[in-house]
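Spelled out from the first residue to the last, the chains are:
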Amino acid sequence: MRTHSGPPAGVLNPLRVSEVQSVSSSHWGCLLALGRDRLQRGHASSIMSARVAIQKFSFPFSCAARLPQQHEASQEGRVQAKALELHQLPENGILSQARPVAVIGALVQNRKKTPEGPEPPDVGDTPAAPQPAAASGPGAPAKLTVEGEDQRPAAKRQLSSESAARTAAAVKKSAVRTEAERRGPPKPKPHLGRGDTPAAAGERSRRRDLFTGTEVFVGVDAHVVSAGAELKEKCVYDVKSIVQSITRGARNELERLRAIWVWLCHNIEYDVSGYLGHSEKLSAPEEVIAAGRGVCCGYSSLCAEMCREVGIECQEVPGHSKGIGYLQGQSLKDVKSDHLWNSVLLGGHWFLLDACWGAGRVDVQRESFVKRFDDFYFLTDPEEFIESHFPDEEKWQLLDAPIPVEEFERRVFKTSAFFTMGLRLIQPHYFHIVTDDGEANVSLSFSRPATFTYEITQHQDLLHCGAPEQRESSGSSFGLLTLSHRSMKLQLLPPASGAYDVKVFARPEAATTALMWVCSFTVECPIPRAMEEIPENPFLSWGLQPAAGSLGVAGSSLGSEAAEVEQGAFQLALKTSRPLMMLCELVHPGLEAAVAKRCLATQIQPDALACHVLCPARGFYRLSVFVRDYEKTEVKFQNAGNFLLRCKGKVVAPDQLYPPNLGSACGPGTRTMEAGLSKFSHATALVSTQQGKCNVTFQNQRDLELHAVLGREEDKPPAFPLSRQLFCTYTDSKVTVSVSLPGAGVYRLGLYAKVTPDGEFDPMCDFVLRNSSDRPGAPFPAVYSAWRRGCVLFEPRVGVLERLAWVRFRVRVPGAQRVSVMGETRTDLKLNKSRVWEGEVFSGSGLQPLKLAAASGESGDMAVLLTFDIEQLGGRDVETSLQTGAPLNTATW
C-alpha cells in the first residue's frame, strides 16, 4: 500500500478480529466503551483526536452486510482481509436511524494492508495497484484501523527525501469499503475499474470540455469564500455541515466540486511546521478543518470525504511531485512517493486536481506558507499535470501514451504560469543542458504577446530556491534574450566553467505585475567562451520590444542578433507608422555617460527614425531606443527596442566623436517640415568635406527669421570666432548657409527659427560637419544687422584682405541709394545693369578695416553691412572690427 501522512498519534487503537466478530446496534455502546477504555490506557494524546475517533464509529449503518472473496497473499507482509460491504442505503445515501449491522473483522498478518476501492482507468496491460480508501465522515461507511497505526510513514506535499527523514512515520489506516461506496451515488456513473480498457485517443474529456474559463465560477467562488468565512467564525468543523453550506445553490456536479476545491484552497494552509517536524502533523479531516492547516494527505483525504458527501467519486492518488524539496535530476526509481492528490469522476471521465498546490506555496527561506490561489490545478489536463506530478500507478497519468519515471525526471520543470500564459517549449527537450563552445540555447514560443527575462546563478540542488517572481532583470551579462513575433530565444554564455541554474520569467505584455517564474534549466559549462563583457539590459530583451508596434515603430534595420560595427560607426534605421519623437541611450562597460552621449546623433522624420552611432572602444554596446508620439509632449518616452552592437576592429578617436550639445533632431525632419523649411541640399544629418568648405541650402517658405550657429569642442581659442566661419545668404525663399571650417575635426551647425514673430528662436535641426582637411579655411566678413534678406556678396568671399592690394567688390543690396567701402579712403561702388554694386577698392596699410556700408531712403545715412580685416605684417593678427562697430556674434538674417 502506498503511504502518506495520516492522523497524529492518539486515535483509537485497532480492533482485533477476536475482539469483534459481529456487532449489532444494541452492542454498539460496548464498542464505544471499549474505545474509551483504550484511550484511558494511554493510547490518546488529545481530546480532539478522541472525539474525532468516536465520531467515526457513531454513524448509522444499513442493516445487512456480506463478505467478499478473500484476497490472496503469498508472502509475508501481505494482508488477508475480509472487507465490510454494506448495501441497501436509501437514495440520498444517508440514514436517519441506526439499524442492526454485521461487522466482519480483519485478520492482520502484518502492519500493511491492501485496501479495496473504486479503480481508475487501466492503461495498457499494467496491473492496477489498489488505491487507499478515502477518509470517512458523517453519513459515510466507517473505517477500521489496523495494528501498527503509529508506524505509518508521513506523506508530504512536495517533500524531499531529506526533509522526510525529519518527520514521524505512519501507515495510512486501511478502510473497510461498503457496497454503497463501490456503487457510487444513487445515479450510476460510468467508470473504469480493474482490467477495463482506457478511453481511446481523442475520447478523453478535457478541462475545456467542461468549462471555457474559470470566470464561469465567479458566483460559486464568491459564495464559497463568504460561506467559508462565516463557518470559520462559528467554529463549524463538521464536514457534512461545511459541505452542505458551501454547495448550497450549486446547480450541478461540476459546481459542487468547484465549491469543495475553492473552500479547500481558501481555508486550509499547508502545515509547514508539521512538514519540518516542528509540530505534530494533522491529517484527520476534522482536525485539519479545526486547525486550518494540513499536509498534502490532509488536503487529499478531506477532498475525498467532502466529495463523497455530495456523491462525487473521488480517489486519492499517491506519487512524486516536483515541489518543495525536489532535487533537479534526482532518480525517483525505488524512492517512496512523497505526495498525494486527487482524481474525480465527472461525466464518465476521470480528472485530476491538487488543492494543496492550488492553495499556495511554501517559502523555504522563511519557513512559512504563502497563500496564493492557483486555478491551474483544478481539473488540470493530464498532459500538463504530468510535468509536475508522477503517480505511483501508471494508469493515474490518464495519458494515452504514459511516460516512464526516467522521462519525468529529465523533463524541464514548468510552473502553472507556463501553461496559463500559453507558452510552448521549443528547445531543449530536457532540463540539463551542456554548452557547445561555451554557449547554450533555450527557445520558447508564445501565442499571446509576452515580456521575458531570466536569471542565471550558481547551481543549487534544490529546484525551489529563490523568489518565484522578478520585477527587474538580473544576470543579463551572461546571456542574450531576444524576442521575435511569436518566440523567445535565450543565448546563455556562462562566465566560467561549472554548473548553473537558469530560471525564465514572463508576464503578459500589457501586465504591470512582477514577472512570474515559468520554467527552469540546469546548464553545465565545461569550457567557457572567451569574450568581452555584455552590458546589462534592464529592458529584458534584445531587438524590438513586442510592444514596439503599438508605440508606432513598424520595423527595424537591425534584428535581435548582435550587429558587427565596421570602421567604428553604425546606423540604426527604424520605420514608423506615425510621427514619433526619439531618444537613444548607448551603454558600454568601459564608457562614461558623458562620452557615450557624444557617440549618438539622431534624425527624426515623419515616417522614419535614424540613429548614428560611434564606437570609441572595442567590445559590446547596448543601444536602447525610446519613443513617444510627436505631438504628445506630456507623454513619457517608452522603450521600443534594445540592440546589441559589437565593435571588433577599428574604433573612433576621441577627437572624432560628435560635438557636444548636439540636439535630439539632427538633419531635416519633422520639425523643419512643420516650420516650412524644405528642399534641403543635404537630406542626412552627417555632412563630410575634404576641402573644409560646404554650402547647405533650403527653402524658407514661411519667411521666418532664421539664425545659424557653428560650434565644436575647442582645445585652445581660435584666431577668429567661429561665427566668422559662417555666412548666410537669403534670396527670395532660398537660404544658403556657407561654411568655411578653420581646421580638421567635427563641427555642429545649428539652425534656429522664430516660428512666431514675438517668440524666441527655436531649434530646427543640427548638422554634423566632418572636415578631413588640415588647411584652415578663411573666415567670412563680420556681418551686421543691416545685412538682410536679398543682400548678396559676390566678391570678395573672404573676411581678411591682403595689405596694399586692390580688391574687386561686387555686392547686391536691394533698395540701396548708395553703396560705399570705407577704410583709409572712401570708395563709392557703381550700380551696373544687373543691379549689382561693383568697383575696385584699395585695401590700404591695414590701419583700419574696410567697411561696406549702404544708404537707403531720403536721409542718406550710411549703415554698415559688413567689415573686412586687413592682414598685418607680423602675421594674421588683425585689428578687429569691434573698434568700429559691434558685429553679430552669429549669423542672423
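Scroll up to find the structure.
The structure presented is a predicted model; accordingly, all values stated were derived computationally and were not measured.

Enquirer: Looking at this structure, how should I read the overall build of the protein chain?
Expert: Across its full length, the protein chain carries 18 helices and 48 strands. Counted over contacts in the protein chain with a minimum sequence separation of 6, partners at least 24 positions apart contribute 70%. Counting only carbon and sulfur atoms, one obtains 50% of the accessible surface of the protein chain, whose full area is about 39,400 Å².

Enquirer: Teacher, can you tell me more about the nonpolar core here?
Expert: Trp263, Met306, Val344 and Phe452 are the most contacted members of the largest nonpolar core, which totals 94 residues. Looking at this core, the element that brings in the most residues is helix α8 (residues 253-267), giving nine residues.

Enquirer: Would you take a moment to explain the packing of α8 against helix α11 (residues 296-309) for this structure?
Expert: Describing two packed helices takes the angle between their axes plus the distance from one axis to the other. Look at α8 against α11: their axes get within 10 Å of each other, and the N-to-C directions meet at 150°. The orientation of α8 relative to α11 falls into the category roughly antiparallel. The chirality of how α8 crosses α11 is right-handed. When α8 is examined against α11, the residues Leu257, Ile260, Trp263 and Leu264 are found in contact with a partner set consisting of Tyr299, Leu302, Cys303, Met306 and Cys307. Across the contact of α8 with α11, the residue classes tally to nine nonpolar, no polar and no charged.

Enquirer: In this structure, what is going on with a nonpolar patch on the surface? I would like to understand it.
Expert: Together, Leu804, Trp806 and Phe842 make up a nonpolar patch on the protein surface, roughly 350 Å² of accessible area in all. The topology assignment puts Trp806 in strand β41 (residues 806-812).

Enquirer: What is the right way to look at the pattern of salt bridges in this model?
Expert: Pairs can form between side chains of opposite charge once their charged atoms are near each other. Using the criterion set out here, one finds 27 salt bridges in the structure. Of the charged contacts, one joins Glu255 and Arg251 as a salt bridge, the two residues approaching to 2.5 Å between their closest N and O atoms. Of the charged contacts, one joins Glu585 and Arg622 as a salt bridge, the two residues approaching to 3.2 Å between their closest N and O atoms. Here the residue Glu585 occupies a position in strand β25 (residues 580-587), and Arg622 occupies one in strand β28 (residues 619-629), the gap between them amounting to 37 residues. Among the charged side chains, a salt-bridge network with shared partners connects Glu387, Glu407, Arg410, Arg411 and Lys414.

Enquirer: I would appreciate a short explanation of the pairing of strand β26 (residues 600-605) in the present structure.
Expert: Looking along a regular strand, one sees side chains alternate from face to face of the sheet. Of all the six residues making up β26, five are buried; the element is thus mostly covered by neighbouring parts of the structure. Hairpin connection, β26 to strand β27 (residues 608-614): the antiparallel pair is bridged by two residues.

Enquirer: Just checking my understanding: could you explain the sheet that holds strand β5 (residues 314-321) for this structure?
Expert: Strand-to-strand pairing in sheets goes through backbone hydrogen bonds, with the strands running parallel or antiparallel. Strands sit in the order β7-β6-β5-β10 across an open sheet of four strands; the sheet is antiparallel. Here the strands that pair on one side only, and so sit at the sheet edges, are β7 (349-353) and β10 (389-391). Within this sheet the neighbouring strands show an average axis-to-axis angle of 45°, counted without direction. Here strand β6 (residues 339-346) runs beside β7; their pairing, made up of five bridges, is antiparallel. Bridge pairing links Asn342 to Leu353 in β7. Contacting β5, β6 and β7, α11 runs over the sheet at an angle of about 20° to β6.

Criteria and thresholds
Residues numbered from 1 in each chain as written. Predicted model: local features only at pLDDT ≥ 70, side-chain atom pairs only at ≥ 80, totals over all residues. Heavy atoms only, no water. Helix = DSSP H or I, 4+ residues; strand = E, 2+ residues; numbered from the N terminus. Contact = heavy atoms within 4.5 Å. Areas by Shrake-Rupley, 256 points an atom, 1.4 Å probe, with all protein chains shown as cover. Core = buried A, V, L, I, M, F, W, Y, C linked by side-chain atoms within 4.5 Å. Buried < 20%, exposed > 50% of the residue type's maximum accessible area, 1.4 Å probe, protein only. Axes fitted to C-alpha atoms, helices over the stretch in contact; angles between N-to-C directions. Parallel < 35°, antiparallel > 145°, perpendicular 65-115°, else oblique. Left-handed = near helix turned anticlockwise from the far one by under 90°. Nonpolar A, V, L, I, M, F, W, Y, C, P; charged D, E, K, R; others polar. Patch = residues over 30% accessible without salt bridge, like charges linked within 9 Å, V, L, I, M, F, W, Y side chains within 5 Å. Salt bridge = Lys/Arg side-chain N within 4 Å of Asp/Glu carboxyl O. Pairing = 2+ DSSP bridges.

Remember, this is a structural readout, not a statement about activity or role.
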